[in-house]
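Examination of the molecular architecture
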Amino acid sequence: MKTLPTFRVSLHGHGPDSDGSSSIAELVEAAGRSKIDYFGLADHNTTAGIPTLYREVASYNRTHDHQIQAVAGVEIHFTDGHVIFSKAGPIDHAFLGWAESVAAKRETMSTARAINQAVRRFGAIVTIPHVDAPFAGSMTRTKLSRITQKLTPAVRSHIAVETKNYATALFWILTIAREEWLEGFVRDLGLARVGFSDFHEAWMVKKQVSMFCGVTPTPQALTKAIRTRTIGPRYRPSLGLFEWVRLVWTMVRAHVVYKVKYAGWSLPTLRPAPSLAK
């Protein structure tokens, strides 16, 4: 029996238009080195980096055998918590315009209504990132359960939950325990399980991906993998002390940048995380 190829997916990460420090070109190069097939950018409340993502992916694909599919995305901060909307395939300016409109009214718009619109109008993939993670903005299990109850089965089939998130590994033991019970909770809700790196620098891109088997890596294949629950998180590599220090530095820097951009802090720019080789 012929074995189907396995495709690697990364839909959650941030570039310089939000709180990431690597250029989009550097992120795409990192995705190529990691043989990622679907690579998405999901900046906080903006799609400003998406046209650049598509240009850089097209440039990469012209000179490399491994081909990457760009995925447009945005991480919107609703009052219920963060939600990522992603759309594979050619750049869809109507989807980007919708995302910007929703981001502008995120504090008053119903999360369930936004999810309904994204799926019904655009066939978007909806990811709920870092559920119950120990920092501001994460959706709680209670809110996630309440929101999904308001959605039809057809809409729920487009929702995936991050049961693994590399960035939250900086909390170490707490993260391991949270991921264990989150797996069961998501299965009970009947939602897809994914794992993404939540990258803020290029070195993080390879640290956590999701995988599914298929014939060819088309946009439809990715959506089908979500809807049929045949996608799943790849096991995350162990986190050594030096890498943990690097991750802490990266995420503290990202938090400061986020506060400067969105909360009015005024602080000097922090450098990217140093490479801590053993």
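First things first, this report covers the structure right here in the doc. (Residues numbered from 1 in each chain as written. Predicted model: local features only at pLDDT ≥ 70, side-chain atom pairs only at ≥ 80, totals over all residues. Heavy atoms only, no water.)

**So, the overall build of the chain**
Put simply, the rule is: Each helix is a run of H or I in the DSSP string that is no shorter than four residues. Each strand is a run of E no shorter than two, and both are numbered from the N terminus. The reference for a compact globule is 2.2 Å times residues^0.38; the radius of gyration itself is calculated from the C-alpha atoms. Contact between two residues is taken to exist if any of their heavy atoms lie within 4.5 Å; hydrogens are not considered. Residue burial considers only the protein chains on display, and all accessible areas are found by Shrake-Rupley using a 1.4 Å probe. The sign given to each residue is positive for Lys and Arg and negative for Asp and Glu; His and the chain ends receive no count. A charged residue contributes its charge at one atom only: NZ of Lys, CZ of Arg, CG of Asp or CD of Glu.
Along the backbone of the chain there are nine helices and nine strands. In terms of overall size, the chain behaves like a compact globule, its C-alpha atoms giving a radius of gyration of 17 Å where 278 residues would be expected to give roughly 19 Å. Each principal axis of the C-alpha distribution contributes one length, and for the chain these read about 45 × 45 × 40 Å. The contacts in the chain between residues at least 6 apart in sequence include a share of 76% that link residues at least 24 apart. Carbon and sulfur atoms make up 56% of the accessible area of the chain, which amounts to about 12400 Å² in all. The chain carries 34 positive and 22 negative side-chain charges, and their two centres are separated by 4 Å.

**Considering the packing of aromatic side chains**
Convention followed: Ring geometry is summarised as follows: Phe, Tyr and Trp rings, the Trp one being its six-membered ring, pair when their centres sit within 6.5 Å, and such pairs are stacked at plane angles under 30 degrees, edge-to-face over 60 and tilted between the two. Per-residue accessibility, obtained with a 1.4 Å probe over protein chains only, is compared with the maximum for each type, and a residue is labelled buried under 20%, exposed over 50%, and partly exposed between these values.
What the rule picks out here adds up to nine aromatic pairs. Taking the centre distance of 5.8 Å and the plane angle of 35° together, the rings of Y38 and F212 count as tilted. Remark: F212 occurs in strand β8 (residues 210-213) and Y38 occurs in strand β2 (residues 38-44); sequence separation between them is 174 residues. Taking the relative accessible area as the measure of exposure, Y38 reaches 0% and is therefore buried. Owing to a relative accessible area of 3%, F212 belongs among the buried residues under this scheme.

**As for helix α8 (residues 219-227)**
Burial in α8 covers these residues: A221, L222, T223, A225 and I226. Downstream of α8 by a residue or two, R229 has a phi angle that is positive, lying close to 60°.

**Some words on the pattern of salt bridges**
Where we set the bar: By salt bridge we mean one thing: a side-chain nitrogen of Lys or Arg within 4 Å of a carboxyl oxygen of Asp or Glu.
Applying the stated rule across the entire model yields six salt bridges. Put simply, R187 and E183 hold a salt bridge, and the shortest N to O gap is 3.7 Å. Highlighted residues: R187 and E183, both in helix α7 (residues 173-189), separated by four residues, approximately one helical turn. In this structure E183 comes out as buried when scored by relative accessible area, which is 14%. Here the salt bridges share partners, and the residues they tie into one network are E183, R187 and R193.

**Considering the nonpolar core**
For clarity, the cut-off: Here, the term nonpolar core denotes a set of buried Ala, Val, Leu, Ile, Met, Phe, Trp, Tyr and Cys residues that are joined through side-chain atoms within 4.5 Å.
Grouped together as the largest cluster of nonpolar side chains are 61 residues, with contacts concentrated most on F39, L53, F85, I115 and I128. Setting aside anything within four residues of it in sequence, one finds I115 in contact with F85, V126, I147, L151, V155 and I159. Judged by nonpolar contacts, the second largest core, of 17 residues, contains L11, A88, F212 and A221.

**Structural notes on the pairing of strand β6 (residues 159-165)**
Going by this rule: Only when DSSP finds a minimum of two bridges between them are two strands counted as paired.
Most of β6 is tucked away, with seven of its seven residues classed as buried. In terms of strand pairing, strand β5 (residues 125-128) meets β6 through three bridges, oriented parallel. Bridged to I128 within β6 is V161. The sheet contact formed by β6 and strand β7 (residues 192-196) spans five bridges and is parallel. Residue pairing in the sheet places N165 in a bridge with F196 of β7.

**Side note on helix α4 (residues 111-122)**
Which entries qualify depends on this criterion: The length a helix should cover is 1.5 Å for every residue beyond the first.
Over its 12 residues, α4 extends 16 Å from the first C-alpha to the last, a length consistent with the 16 Å expected when each residue adds 1.5 Å. Among the residues making up α4, those that are buried are T111, A112, A114, I115, Q117, A118, V119 and F122. In the stretch just after α4, G123 is the one whose phi turns positive, near 65°.

**Overview of the pairing of strand β1 (residues 6-10)**
Counted residue by residue, β1 has four buried out of five residues, so it is predominantly covered. With four bridges joining them, β1 and β8 adopt antiparallel strand pairing. Following the sheet pairing, T6 is matched in β8 by C213.

**Overview of the side chain of D198**
Stated formally: Polar contacts here mean pairs of N or O atoms no more than 3.5 Å apart (in protein, one a potential hydrogen donor and the other a potential acceptor; neighbouring residues in sequence count only if both atoms are side-chain atoms).
Here D198 is to be found in the loop between β7 and β8. In terms of polar contacts, D198 uses its side chain to reach the side chain of H14, at 3.1 Å. The residues contacting D198, other than those within four sequence positions of it, are H12, G13, H14, H130, N165, A167 and M204.

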